[in-house]
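Understanding the architecture of this molecule
Residue strings, one per chain:
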Amino acid sequence: MKHLLSAQDLTRDQAIQILDIAEEMAATQAREVKKLPTLRGQTVVNLFFEDSTRTRISFETAAKRLSADVINFSPKGSSVSKGESLKDTVLTLGAMHTDAIVVRHYASGAPYNIAHAGWTDACVINAGDGTHQHPTQSLLDAMTMRRHLMGPTPVGQDLNGLSIMIVGDVLHSRVARSGVDLFTTLGAKVTLVAPATLLPIGVDTWPCGVYYDLDQALREAPPDALMMLRVQKERMSAAGGGFFPSPQEYTRDYGLDEARLAALQRHAIVLHPGPMNRGLEITSGAADGARSVIVEQVANGVAVRMAVLYLTMTGAKGKVAA
Ligand code: NCD
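Predicted model only: the values in this text are computed from it and were never measured.

Residues Met145, Leu159, Ile166 and Phe183 are the most contacted members of the largest nonpolar core, which totals 94 residues. Sort the elements by how many residues they give to this core and helix α12 (residues 294–314) lands first, with 11 residues. Three or more residues apiece are contributed to this core by two domains, here domain 1 (7–133 + 298–314) and domain 2 (135–297). Once residues lying within four places of it in the same chain are set aside, the contact partners of Leu159 are Ala142, Met145, Arg146, Met150, Ile164, Phe183, Leu186, Gly187 and Ala188. Judged by nonpolar contacts, the second largest core, of 16 residues, contains Val45, Leu86, Leu93 and Ile101.

What follows is about unusual backbone geometry. Residue Pro275 is reached from Gly274 by a cis peptide bond, and omega for that bond is -5°. Residue position: Pro275 is located in the loop between β9 (269–271) and α11 (284–288). Here Ser67, not a glycine, exhibits a phi torsion of approximately 70°, which is positive. Looking at the secondary structure, you find Ser67 in the loop between α2 (54–65) and β2 (69–73). At His97, a position not held by glycine, the phi torsion is positive, near 55°. Turning to its location among the elements, His97 is positioned in the loop between α3 (86–95) and β3 (100–105).

Attention shifts here to the site of the ligand. Arg54, Thr55, Arg104, His134, Gln137, Arg174, Val175, Arg230, Gln232, Pro273, Gly274 and Pro275 make up every residue found near the ligand. At 2.7 Å, a side-chain N or O of His134 approaches an oxygen atom of the ligand. A distance of 2.7 Å separates an oxygen atom of the ligand from a polar atom in the side chain of Arg174. Bound to the protein, the ligand loses 94% of the 320 Å² it would expose on its own. One can see that the ligand is located within the largest pocket.

Reading guide: rules and limits
Residues numbered from 1 in each chain as written. Predicted model: local features only at pLDDT ≥ 70, side-chain atom pairs only at ≥ 80, totals over all residues. Heavy atoms only, no water. Core = buried A, V, L, I, M, F, W, Y, C linked by side-chain atoms within 4.5 Å. Buried < 20%, exposed > 50% of the residue type's maximum accessible area, 1.4 Å probe, protein only. Helix = DSSP H or I, 4+ residues; strand = E, 2+ residues; numbered from the N terminus. Domains from an automatic or database assignment. Contact = heavy atoms within 4.5 Å. Near = heavy atom within 4 Å. Polar contact = N/O pair within 3.5 Å; in protein donor to acceptor, adjacent residues only side chain to side chain. Areas by Shrake-Rupley, 256 points an atom, 1.4 Å probe, with all protein chains shown as cover. 1 Å grid on protein atoms, 1.4 Å probe; cavity = no way out; pocket = protein on both sides within 12 Å on 5 of 7 lines; lining within 4 Å. Sits in = over half its atoms within 2 Å of the grid points.

Right, dumping it as structure tokens:
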């Protein structure tokens, strides 16, 4: 695997391989010395054109734990603010012998361009492009669900038979798109819940169920894993607003509160990719409660990104060197 651009590109076996290697990586993170020599001498550039806390720090941590050198690039303060193109930015990185480019970009498809336009030989990993894809997020979500819901020894397993519900701003969510692709590839049944204004045109062709009413969905398709999405206010205001009548109404109809939490199956878990709007799509009680695995998602993100960097940058097919 040279690049990771979309969850859609992953076969079931490839996805399981990444999750299994992520489990091995996670085991190394419990040691006193967390660093492995695997990528010593290689350079990873984090090329982030959009804001990020978790994803950028997670990729940086993952690369450093594998002993790579990490360069963090942000357009503010770079020549991008002078109008330099994506192409020239990438050519510049290539001239400095970058081995991998982790890219987050506001334009859907930018990572694909970087990988396939002949601008660089580096491995390209998509860390979120526009409203399109965020494959490492869906991998860390799958790792978290597999650990909690697929028995005590998840290695080698897929998500067969799980009911996964994704609620909220699907329209703007690359997390939802990647999730639908990956979770269905892994054998889960996915249900989306959102107001019609926050569902993309063509969602009826996606391999998942769709509900407009959250309480009806919770009754009729009770989830093993419930993923709440952030209301992406920045993308809404850029589009002129008007996606729902008021925040109060959104919370009443689509928010995860104590009553909805109490109605979940006993074993069900609650996920959120972060950053959360506490009080809008999720109450603090739900975010911090016993069913929440939100902090674990962040920890698993490091392990998944170590696995992805390892597999892409070493071209490895097999096991992790100890
Ligand atoms: C998500 C993103 O940026 O797509 N966050 C993340 O990577 N953890 C979701 C979001 O911004 O709502």
